Amino acid sequence: MPSAFSYASSTLPSEGGASDPVADAIGLLRPRTVVYPALRAGGLWGVRFEAFPHVKIGGVVRGESWLALDGREPVHLHEGDFYLLSNPPAYSLGSSLSVEPLPAATLWDTADEGAVRIGPVDDEDTYLCGGYFWFDELNAPILLDILPPLVHIHADDPRIRSLAYVTELLSSEVGTCAIGSSLILDHLVQILLVQVLRAHAEQADRPVGWLGALVDDGVGAALRAMHANVARRWTVEELAGISHLSRSGFAKSLKRQVGLAPLEYLIQWRMSLARDALRRNTQTISELAFATGYESESAFSTAFRRVVGASPKQFRDRALRAAGTEERRDEVTLGVA
């Protein structure tokens, strides 16, 4: 949709120094944010969106709307509600489930001054805002695999109440050309993403998996410790002590929630960081081995090959060749070459 605002995220990936696993994960995702023009509608209306491979997020600033994902029960969104869609199928937003929706791609081509309008201006009673995130394909499963297709956060949820101000700021920035507007939009939409994830993780029916484990008083403490010091040679006993659980109780709880044994989780996270660093070519293999907790380049290479299926050098060389091919393709597209 050419009327959307698109820009690369300013978030930098962590290399093990942060103590916030969600920030670490989002850093590796390298989100590219696209903010939709606002949707202002009145009367009977409907909009149909195509399936999307990553994450969409939206909120009802004023009014209400039905959200209907193909294959799922429709959800009635009220003023102040937020929703997050993970790898969603085709879906519709509208005033009624019986209205024939307009295709979003065509409708968004009509955007003017940061807004799309349906129906007479005098009848407008609904105002929606939102956007979506493209993630690094290699690391996208870090988030997509732990989210349900739909996360619905209600306006009366105390953990989301403060976002009313964020949506007001977002609404005022969309459609402006002021200095720094793209950076502001980028950060505002990422705030929405993190706050919705936080509220989802802390709901009474807390989600299973990695996101739910992070808010577990026991296992979550150990996960945060591993992320804070990825190079440390952790033992299961140490991590169990941080969790205030027995060794066996900690191992069973982590396995149940994230599907991995404690040290296997640590290895998988180390290799995620290593893949990212190798693709960016920011460290030598020897430096990377030390940074991820291995005593030698040989030990690191053995672990990397076991997890990734290629040596660090092979992986880096392939990634750099692929990046060069993509850069040349972009130059041809832009008429540079």
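The following paragraphs examine the structure supplied in this document. These numbers were taken from a predicted model, which means no experiment stands behind them. (Residues numbered from 1 in each chain as written. Predicted model: local features only at pLDDT ≥ 70, side-chain atom pairs only at ≥ 80, totals over all residues. Heavy atoms only, no water.)

### Topic: the packing of aromatic side chains
Centre distance and the angle of the planes are the two values used to describe a pair of aromatic rings. Basically, it comes down to this: Here a Phe, Tyr or Trp ring, Trp counted by its six-membered ring, pairs with any other such ring whose centre lies within 6.5 Å, and the pair is stacked when the planes are under 30 degrees apart, edge-to-face when over 60, and tilted otherwise. Lysine and arginine charges are scored as sitting over a ring when NZ or CZ, respectively, is within 6 Å of the ring centre and within 35 degrees of the ring normal.
Taken as a whole and judged by the stated rule, the model has 12 aromatic pairs. Counting every residue linked through ring pairs, the aromatic cluster contains Tyr 36, Phe 49, Phe 52, Tyr 91, Trp 108, Tyr 132 and Trp 134. A cation over an aromatic ring shows up here: Lys 56 above the ring of Phe 52, its NZ or CZ 5.4 Å from the ring centre. Between Arg 270 and the ring centre of Tyr 294, over which it is positioned, the NZ or CZ distance is 5.3 Å.

### Some thoughts on the packing of helix 7 (residues 219-228) against helix 10 (residues 262-280)
To keep things clear, this is the line we draw: A fitted line through C-alpha atoms represents every axis, and for helices the fit uses only the stretch in contact; the resulting angles, taken between N-to-C directions, go from 0 to 180 degrees. Working definition: helices are DSSP H or I runs of at least four residues, strands are E runs of at least two. Numbering for both runs from the N terminus. Reported orientations rely on four angle classes, namely roughly parallel under 35 degrees, roughly antiparallel over 145, roughly perpendicular from 65 to 115, and oblique for the rest. Each crossing is labelled by how the near helix is turned from the far one, with a counterclockwise turn of less than a right angle marking it left-handed and a clockwise turn marking it right-handed. Every residue pair with non-hydrogen atoms within 4.5 Å of one another is taken to be in contact. Gly is placed with the polar residues, together with every amino acid not listed as nonpolar (Ala, Val, Leu, Ile, Met, Phe, Trp, Tyr, Cys and Pro) or charged (Asp, Glu, Lys and Arg).
Interhelical geometry of helix 7 versus helix 10 gives an angle of 40 degrees and a closest axis separation of 11 Å. Considering the angle they form, helix 7 stands oblique to helix 10. Judged by the sense of rotation from one axis to the other, the crossing of helix 7 with helix 10 is right-handed. Two secondary-structure elements touch here, helix 7 through Leu 223, Met 226 and His 227 and helix 10 through Pro 262, Tyr 265, Leu 266 and Trp 269. Classifying every residue of the contact of helix 7 with helix 10 gives six nonpolar, one polar and no charged.

### Focus on the environment of Ala 111
Heads up, the rule is: The classification of residues rests on relative accessible area computed with a 1.4 Å probe and restricted to protein chains. Under 20% of the type maximum is buried, over 50% is exposed, and intermediate values are partly exposed.
Residue placement: Ala 111 occurs in the loop between helix 2 (104-108) and strand 11 (115-118). Looking at Ala 111, the relative accessible area reads 24%, which means it is partly exposed. Measuring from C-alpha to C-alpha, the distance between Ala 111 and Ala 38 comes to 8.6 Å, with 73 residues separating the pair along the chain.

### Some points on the pairing of strand 5 (residues 55-62)
Filter applied, for reference: When DSSP finds two or more bridges between two strands, those strands count as paired.
Counting buried positions over the eight residues of strand 5 gives six, a clear majority of the element. Direction of pairing for strand 5 relative to strand 8 (residues 82-86): antiparallel, over a ladder of five bridges. Across the sheet, Gly 58 pairs through a bridge with Tyr 83, a residue of strand 8. Here strand 5 pairs with strand 12 (residues 124-134) via seven bridges, running antiparallel.

### So, the side chain of Arg 275
Let me state the cut-off plainly: Note that His is not counted, nor are the chain ends; the positive residues are Lys and Arg, and the negative ones are Asp and Glu. Each reported salt bridge corresponds to a side-chain nitrogen of Lys or Arg within 4 Å of a carboxyl oxygen of Asp or Glu. Polar contacts, as used here, are pairs of N or O atoms within 3.5 Å; protein pairs need one atom able to donate a hydrogen and one able to accept it. Residues neighboring in sequence count only if both atoms are side-chain atoms.
Relative to the assigned elements, Arg 275 resides in helix 10. Buried and unpaired, Arg 275 has no salt bridge, with Asp 136 as the nearest side chain of opposite charge at 7.7 Å. Of note is the side chain of Arg 275, whose polar atom sits 3.3 Å from the side chain of Ser 272.

### Looking at the environment of Phe 133
Checked against the element boundaries, Phe 133 lands in strand 12. Judged by relative accessible area, Phe 133 falls into the buried class, the value being 0%. Residues Phe 133 and Val 35, spaced 98 residues apart in sequence, show a C-alpha to C-alpha distance of 8.9 Å. Excluding anything up to four places from it in sequence, Phe 133 contacts Pro 31, Arg 32, Thr 33, Phe 52, His 54, Val 55, Ile 57, Val 189, Gln 190 and Leu 193.

### Concerning the sheet that holds strand 7 (residues 75-77)
With respect to topology, five strands assemble into an open sheet ordered 7-6-9-4-10, the strand pairing being mixed. Sheet topology places strand 7 and strand 10 (102-103) at the edges, where each strand pairs with a single neighbour. Bridge analysis of strand 4 (residues 46-49) against strand 9 (residues 91-94) gives four bridges, and the strand direction is antiparallel. Across the sheet, Val 47 pairs through a bridge with Leu 93, a residue of strand 9.

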